[in-house]
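Given next are the chains, with one letter for each unit.
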Amino acid sequence: MLSISDIRELYKKRAEHYDLSANLYYLVGFREKAYRKRSVALLNLQPGDTVVEIGCGTGLNFHHIQKYIGPTGKIIGIDLTGEMLAVAKRRCQKYNWDNVELFEHDAASYEFPDSIDGVISTFALTLMPEYKLIIEHAAGALSPRKSMVLLDMKIPDWPKPLINLAVLLTSPFGVSLDIGNRHPWEEMQKIFGNVHIQEVYLGGVYLAASVKRG
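Presented here is an overview of the structure given in this document. (Residues numbered from 1 in each chain as written. Predicted model: local features only at pLDDT ≥ 70, side-chain atom pairs only at ≥ 80, totals over all residues. Heavy atoms only, no water.)

**Looking at the nonpolar core**
Going by this rule: Put simply, a nonpolar core is a bunch of buried Ala, Val, Leu, Ile, Met, Phe, Trp, Tyr and Cys residues held in one set by side-chain atoms that sit within 4.5 Å of each other. Relative accessible area decides the class of each residue, using a 1.4 Å probe on protein chains only: under 20% of the type maximum gives buried, over 50% gives exposed, and in between gives partly exposed. Counting from the N terminus, the helices are the DSSP runs of H or I reaching at least four residues and the strands are the DSSP runs of E reaching at least two. Contacts: residue pairs with any heavy atoms within 4.5 Å of one another.
Counting 36 residues, the largest nonpolar core has Y11, Y35, V51, F62, I65, I120 and V205 as the members making the most contacts within it. Put simply, the parts of the chain that give this core at least two residues each are helix 1 (4-14), helix 2 (18-23), helix 3 (32-41), helix 4 (62-69), helix 5 (82-94), strand 5 (142-153) and strand 7 (205-211). The dominant element in this core, judged by the number of residues it contributes, is helix 5, at 4 residues. Apart from residues no more than four positions distant in its own chain, Y35 is found in contact with G29, F30, F123, L151, V200, Y201, V205 and L207. Judged by nonpolar contacts, the second largest core, of 27 residues, contains A107, F112, L125 and M188.

**Here's the deal with unusual backbone geometry**
Of note in the backbone geometry, N44 takes a positive phi value of approximately 55° without being a glycine. According to the relative accessible area criterion, N44 is exposed, its value standing at 53%. Despite not being glycine, Y201 shows a phi value in the positive range, around 50°. Mapping Y201 onto the fold places it in the loop between strand 6 (196-200) and strand 7. For Y201, a relative accessible area of 25% translates into the label partly exposed.

**Points about the pairing of strand 3 (residues 100-104)**
Going by this rule: The pairing criterion for strands is at least two bridges between them, as found by DSSP. Think of it like this: strands point away, you trace from the first strand over the helix to the second, and a clockwise trace means the crossover is right-handed.
The pairing of strand 2 (residues 74-79) with strand 3 spans 5 bridges and is parallel. The partner of I78 across the bridge, within strand 3, is F103. Read as a crossover between parallel neighbours, the route from strand 2 over helix 5 to strand 3 is right-handed.

**So, the environment of Y131**
Mapped onto the secondary structure, Y131 falls in helix 6 (residues 131-141). With 42 residues separating them along the chain, Y131 and K89 place their C-alpha atoms 25 Å apart. In contact with Y131, not counting residues within four places along its chain, are L125, R182, H183 and P184.

Function cannot be inferred from these measures alone, as they are strictly geometric.
Written as structure tokens, this is what we have:
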């Protein structure tokens, strides 16, 4: 089981080539960009909204979020690894996004701002040992009728050899069977009282969306 320091060191080494290495999974039919776009769409964002992204990494979701919130909105990106955030900062500079704030922080102890309009995490939250606490804090910070969306991997109903192969292929990003047995969507159901699940990649990836009741 990876600790926070393990995760930080893993992604410190992968930061500069993260985007390229993630794209290599397209070779096995893994449509990461499409999954990210769908996840952002589930937030139902409006111009001027403020969004917190947990484990924002190199900022691969920022472009999709910006299309909804516009220049009057705000993205708050949290990540454990300064090297990943350095890549995200360069992305923001390239596209002149001055409405993005980046924080190097453990999301479990991060103090979410009040009355935010969306929380998203893609391929990140399940890696975090205290994911239940993070979901609880995020839910407390959301405004009524606003959404939290998770995109992540899970153990699918595949033959065991295929599952073992999938874990092997994703192990460079910290994926393991132990982590695959974590079910953050169950915690979302407990805290929000509602969760809508979509599955893609033959059940190997899920999108979970909850709305805070008003």
